[in-house]
Amino acid sequence: MADDWKYAVEDFEDGDESTDEGRATDVFGEGGPGDLEPGSPSFENAVFVLVGIAIALVVVLGI
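Model, not experiment: these values are computed from the prediction. (Residues numbered from 1 in each chain as written. Predicted model: local features only at pLDDT ≥ 70, side-chain atom pairs only at ≥ 80, totals over all residues. Heavy atoms only, no water.)

## Here's the deal with the overall build of the chain
Right, on to step 1. Summing up its helical and strand segments, the chain has one helix and zero strands in all.
Right, on to step 2. With an accessible surface of roughly 6500 Å², the chain has 60% of that area assigned to carbon and sulfur atoms. (Helix = DSSP H or I, 4+ residues; strand = E, 2+ residues; numbered from the N terminus. Areas by Shrake-Rupley, 256 points an atom, 1.4 Å probe, with all protein chains shown as cover.)

Put into C-alpha cells, the structure is as follows:
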C-alpha cells in the first residue's frame, strides 16, 4: 500500500525560505503590539463584566 503513494516530500518543499508567502502572520505585522502593561480597569469595563456575570447566573440558575 505504501507503493501507491503518488506524492514525494520534494513536491511540497520550497527552495526559497526567505519569503513569507503562505505563512500565518500577526494582524499587526511582524512586530506585534508590544508588551502588555498593567493598568487599572475603567468603570465601563467593570460594569460590562458585572452585567455578564449577572446574565450568566440568570441563565445557569434559571432565576
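## A word on a nonpolar patch on the surface
Right, on to step 1. On the surface, Phe-43, Val-47, Val-49, Leu-50, Val-51, Ile-53, Ile-55, Leu-57, Val-59, Val-60 and Leu-61 cluster together into a nonpolar patch covering about 1100 Å² of accessible area.
Right, on to step 2. Mapped onto the secondary structure, Val-59 falls in helix 1 (residues 43-61). (Patch = residues over 30% accessible without salt bridge, like charges linked within 9 Å, V, L, I, M, F, W, Y side chains within 5 Å. Salt bridge = Lys/Arg side-chain N within 4 Å of Asp/Glu carboxyl O.)

## Some thoughts on helix 1
Right, on to step 1. With 19 residues, helix 1 extends 27 Å between its outermost C-alpha atoms, agreeing within 8% with the 27 Å of an ideal straight helix rising 1.5 Å per residue.
Right, on to step 2. Positive phi appears at Gly-62, one or two residues downstream of helix 1, with a value of about 70°. (Expected span 1.5 Å × (residues − 1).)

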